[in-house]
Amino acid sequence: MKNLIDITNLEFRYRNQTKLLSNLNLEVKSGGIYGLLGKNGEGKSTLLKLISGLLFPLKGSISVLEAEPQKRLPKMLQGIFFLPEDMAVSTLSLKRYVKTYAPFYPKFRLSLFYNYVNEFGLDPLTKDLSTMSYGQKKKFMIAFGLSTNAKIILMDEPTNGLDIPSKGVFRRIVASAIDEDCSIVISTHQVLDLDNLIDNIIIMEEHEIVFNQSIENILRKMYFDTDNKIKTENKLIYKEDTIKGTLQVCENIAGEESNLNIELLFNAVVARKEIVKELFEKEKTRL
């Protein structure tokens, strides 16, 4: 199966600035929901813009649906939807917006769109989208984006502006939208909003992709625990002391089951990058 996104040795910087992205490599396969995590300023939003063809790389290559995104070919544009954090929503009515922009996406499903609108509690008779609150605009654009049935859906901080019930709706409809032919990449600082939603975690550190693993592989290789005693059969990778005990990430030598703590994983990858890298490369070395 070919990757939906292939990025090799990517470099990028804005004019008169130092490199923002350096030696960045990434593969995104079909059939998954990817969480893109990283500190402020790592270049997550810039990376999504590069994938969608809104920015051009300085060096390296990007392939999106087997095309160069900077060429903005119609076939590629029909297969990708990008929801930026800062949205520009027009003064069109909800119905007029859909009538105007849905034809750009051949697989757009109107019935699905109105189902999402209903789940988010939006008024389908809205006469002017610009009068909506920021959270309502986010809901509208999420509903529209998922209804395109694009092969690649990119979302930058999609849960910003959503209240707690709406975040639950977001997780539910995103999970229902995925199939084996498409993938969704969600960049966020709100890691708890991705809990029990994503299949893969991508972590950026020092302007590179330093981690890209499936949840299944993470839990097979790592053990997450809250305990005052480190399990002797599992090699400690990282720990944090809290009032509830010691949060631990260990090498899962004993093959035990545990629940993923995304925030703890992120901190472990950033603090013990080389150790984590070595852990996930052990299996490759055997093969």
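Let me begin by describing the structure that accompanies this report. (Residues numbered from 1 in each chain as written. Predicted model: local features only at pLDDT ≥ 70, side-chain atom pairs only at ≥ 80, totals over all residues. Heavy atoms only, no water.)

**Comments concerning the pattern of salt bridges**
Our working rule: The rule for a salt bridge is simple: a side-chain nitrogen of Lys or Arg has to be within 4 Å of a carboxyl oxygen of Asp or Glu. Accessible area is worked out with a 1.4 Å probe on protein chains only. A residue is then buried under 20% of its type maximum, exposed over 50%, and partly exposed in between. Helix numbers and strand numbers start at the N terminus; a helix is a DSSP run of H or I with at least 4 residues, a strand a run of E with at least 2.
A complete count under the given rule lists four salt bridges for this structure. The salt bridge partner of Lys71 is Glu68, with a shortest N-O separation of 3.4 Å. When its relative accessible area of 52% is taken as the criterion, Lys71 is described as exposed. For Glu68, a relative accessible area of 36% puts it in the partly exposed group. Its salt-bridge partner being Glu119, residue Arg172 comes within 3.0 Å of it at the nearest N-O pair. Of this pair, Arg172 sits in helix α6 (residues 164-177) while Glu119 is found in helix α4 (residues 110-119), placing the two residues 53 residues apart along the sequence. Overall, the relative accessible area of 46% leaves Arg172 in the partly exposed class.

**Examining the pairing of strand β8 (residues 200-205)**
Counted only if it meets this: Strand pairing is assigned whenever DSSP detects at least two bridges linking the two strands.
Most of β8 sits inside the fold, with six of its six residues counted as buried. Of the pairings in the sheet, the one linking β8 to strand β9 (residues 208-214) comprises six bridges and is antiparallel in character. Bridge pairing in β9 places Ile202 opposite Asn212. Two successive antiparallel strands, β8 and β9, enclose a turn made up of two residues, where Glu206 displays a positive phi of approximately 55°.

**Focus on the sheet that holds β8**
The condition that has to hold: The angle between two axes is taken between their N-to-C directions and runs from 0 to 180 degrees, where each axis is a line fitted to C-alpha atoms and a helix contributes only its stretch in contact. We call two residues in contact whenever any of their non-hydrogen atoms come within 4.5 Å of each other.
Within the open sheet, the six strands sit side by side as β5-β6-β7-β3-β8-β9. Their pairing is mixed. The sheet is open, and its two borders are formed by β5 (80-83) and β9, each paired with just one other strand. Sheet twist, expressed as the average angle between the axes of neighbouring strands with direction ignored, equals 15°. Across the sheet, α6 is in contact with β3 (32-38), β6 (152-156) and β7 (183-187); its angle to β7 comes to roughly 150°. Contacts between helix α8 (residues 262-271) and the sheet are confined to β3, β8 and β9, with β8 contributing the most and set at about 40° to the helix.

**What to know about the nonpolar core**
The test is simple: Only buried Ala, Val, Leu, Ile, Met, Phe, Trp, Tyr and Cys residues count toward a nonpolar core, and they belong to the same one when joined by side-chain atoms within 4.5 Å.
Counting residues in each nonpolar core, the largest one holds 62 residues, and the members touching the most others are Leu146, Ile201, Ile218 and Met222. Those residues in contact with Leu146, other than ones at most four positions away along the chain, are Leu112, Tyr116, Ile153, Met155, Ile173, Val174, Ala177 and Ile184. The next biggest cluster of nonpolar side chains, apart from the first, holds 29 residues, and it includes Leu10, Leu24, Leu47 and Leu50.

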